[in-house]
There are 2 protein chains.
Amino acid sequence: MNFPSRVYINEVGPRDGLQNEKTILSSKDKAHLINQCIDAGYKTIEIGSLVHPKAIPALADTEDVFKQIKQAPDVELRVLITNLRGVQRAIDAGIKKVKLTVSASASHNMSNFNRRPEETVKNFAECYELATQNGIDVSGAISTAFGCPFEGDISIEAVETLVIEFQKLGIKELSLSDTTGMGNPKEVFEKCSYFKNKYPDIKWILHFHNTRDMGLSNSIAAMNAGIENFDASFSGLGGCPYAPGASGNLCSEDLVHMCEEMGIDTDIDLDKAIAIAREVEAFVGHKSESFMLRAGKVSDLSLELPEKQDN
Amino acid sequence: MNFPSRVYINEVGPRDGLQNEKTILSSKDKAHLINQCIDAGYKTIEIGSLVHPKAIPALADTEDVFKQIKQAPDVELRVLITNLRGVQRAIDAGIKKVKLTVSASASHNMSNFNRRPEETVKNFAECYELATQNGIDVSGAISTAFGCPFEGDISIEAVETLVIEFQKLGIKELSLSDTTGMGNPKEVFEKCSYFKNKYPDIKWILHFHNTRDMGLSNSIAAMNAGIENFDASFSGLGGCPYAPGASGNLCSEDLVHMCEEMGIDTDIDLDKAIAIAREVEAFVGHKSESFMLRAGKVSDLSLELPEKQDN
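The structure presented is a predicted model; accordingly, all values stated were derived computationally and were not measured. (Residues numbered from 1 in each chain as written. Chains lettered and ligands numbered in written order. Predicted model: local features only at pLDDT ≥ 70, side-chain atom pairs only at ≥ 80, totals over all residues. Heavy atoms only, no water.)

Draft legend 1. View of the pattern of salt bridges. All names here are of chain A. Overall, the coordinates contain 49 salt bridges over all chains when judged by the stated rule. A salt bridge links Lys67 to Asp64; the shortest N-O distance between them is 3.6 Å. Residue Lys67 and its partner Asp64 are located together in helix α3 (residues 62-67), separated by three residues, close to a single helical turn. Exposure remark for Lys67: the relative accessible area of 65% places this residue in the exposed category. Judged by its relative accessible area of 38%, Asp64 is partly exposed. (Salt bridge = Lys/Arg side-chain N within 4 Å of Asp/Glu carboxyl O. Helix = DSSP H or I, 4+ residues; strand = E, 2+ residues; numbered from the N terminus. Buried < 20%, exposed > 50% of the residue type's maximum accessible area, 1.4 Å probe, protein only.)

Draft legend 2. Structural detail: the packing of helix α8 (residues 156-169) of chain A against helix α9 (residues 185-198) of chain A. Residue and element names in this part refer to chain A. Remark: α8 packs on α9, axes separated minimally by 11 Å, with the N-to-C direction vectors making an angle of 35 degrees. Pair α8 / α9 crosses with right-handed handedness. Between α8 and α9, the residues in contact are Ile156, Val159, Glu160 and Val163 and Glu190, Lys191, Tyr194, Phe195 and Lys198, respectively. Class assignment of the residues belonging to the contact of α8 with α9 gives a composition of five nonpolar, no polar and four charged. (Axes fitted to C-alpha atoms, helices over the stretch in contact; angles between N-to-C directions. Left-handed = near helix turned anticlockwise from the far one by under 90°. Contact = heavy atoms within 4.5 Å. Nonpolar A, V, L, I, M, F, W, Y, C, P; charged D, E, K, R; others polar.)

Draft legend 3. Structural context of the relation of the copies chain A and chain B. The two copies are related by a screw motion: chain A maps onto chain B through a turn of 180 degrees and a shift of 0.0 Å along the axis, at an RMSD of 0.0 Å. Read as a symmetry element, the transformation amounts to a two-fold axis. Within chain A, the C-alpha atom positioned nearest to the axis of rotation is that of Ser217 of chain A, 2.1 Å from it. When the interface residues of chain A are mapped onto chain B, 98% of them are again interface residues, pointing to one common binding face. (Least-squares fit on C-alpha atoms with pLDDT ≥ 70 in both.)

Draft legend 4. Here's a closer look at the confidence of the model for chain A. Per-residue confidence for chain A averages 95 on the pLDDT scale, and 97% of its residues sit at or above 70. The ipTM assigned to the predicted complex is 0.96, against a pTM of 0.96. (pLDDT = per-residue confidence, 0-100.)

Draft legend 5. Here's a closer look at the pairing of strand β3 (residues 76-81) of chain B. Residue and element names in this part refer to chain B. Burial of β3 is extensive: five of the six residues sit out of reach of the surface. With five bridges joining them, strand β2 (residues 44-49) and β3 adopt parallel strand pairing. The residue bridging Ile45 from the neighbouring strand is Leu77, located in β3. Remark: the β2/helix α3 (residues 62-67)/β3 crossover connection has right-handed handedness. Note that β3 and strand β4 (residues 97-103) share four bridges and pair parallel. Bridge pairing links Arg78 to Lys97 in β4. The handedness of the β3 to β4 crossover, carried by helix α4 (residues 84-93), is right-handed. (Pairing = 2+ DSSP bridges. Right-handed = clockwise from strand over helix to strand, strands pointing away.)

What follows is the structure, encoded as structure tokens:
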């Protein structure tokens, strides 16, 4: 196995985590968490969505949140968008990075956008143009890339069709999302190896969920395929509407911890990441999926021997 | 990455899972669960411990449980022991497989046995002799092989000292246990590669806990090092006394599910394994760590498209 010496972890909790919570945080509290993430060392943070407020009410205040985030020129603050209106809102707000998302699953995409996935990406051309004309960086995201709850398996071909269309637009950064936690390490290794080798100029970001406890395993597989960029969410927030009660995104602090234990540099302060997760639990008002919050770091351990133990 | 086409999963829940539960199951209920495990296809089941009843009260009835297990000549029913008294009890009960356990951590082992680990294994000689003279198969188990809550890192050398002593006894099957969930995939890959290559005649069994969510990742790493035998516990039962509230053993049905998704044969009926996990939750009276019980199998998914979705 080959592991990278360095990986980059993007904090997507403010978007993919909080959008699923019953408790809607105030703009101030969201900005506070994002500022803490900056302080912990995260260099890319997905701060919200610029979509119709009725679609995701919890993120309707993304512009207000953005205004309250502290200046940090080396930190990328990314928002998810799906159309031209989102680009216009990013321009108006002064946001410098947008992520255009499409589903690799035709039925999933038809349900969201009423058109086939490749048509959706073609239609992103006007978004890409308007954004880049206004100095906004654009990335692409392909959801359900490792399985769809309606269609089942998603082929490499289905994903590649969209990769090609995104490339035609000029996009050089793409994330592959296991939106509902269906991918497995073998599939992840195969898909990541294929795309990383065939499209070496694209910056690949992998976005895993931990729905069936394979989030870290899939990260290990992706790392072995040469992937160095990962999305994750504080406290592992972010449910799945198709599996109520299931766990959410790959948990940031658990991923940082695993990397640290493996000697893989993340430049993130793990103690601060864990402190953020604790604050997140307090904000959302329930226990989270964070293993760090329950078990603590391996490196914390240096216990006193008990008088007598059993086996 | 290289994955095996076949792995063997040992169900250790009746021992390493139930020993940590507040609710003590009746012998009948334990035997029922074990019989269900046989029916699900598990070929090795750790049914209990033959240690002093005060040490592990929950398993004091192991002989009674054994009596109520159905005949299954192709299934190995294993018990954990630590001394000669355990061997004698196994002989008296008609149990045909015992596992002798020692800790790779000197301080952990001193606390348990009041002697250094290698002395403990040397002292197992009389256990090995008595057992084999009575037709009982013996395996060895090295706990805290991937870290100790008192000592921290455990070196390859510390583990190898015990491997050599076990070999001198004549033992050909050894399990390496990450007793408190401290191992990481890099360490697991390195240790497994080392031992698998240097001692190819030993049947290696890996025993992971999911304390910090690395149970499946560590399994992936071990598989890539050529390991084919894994311990796991139904519902992921089995806490850690040093991290109260943390999750326990690697979860059997989650491991079977991951293997199935990856095309790795286990010969275990996943639906039956999940049904057992559900029964276990009912017996112990609380929610477990099983991801399968919360999210269901990937292959179960074939949902109706909702009228309208958001992102």
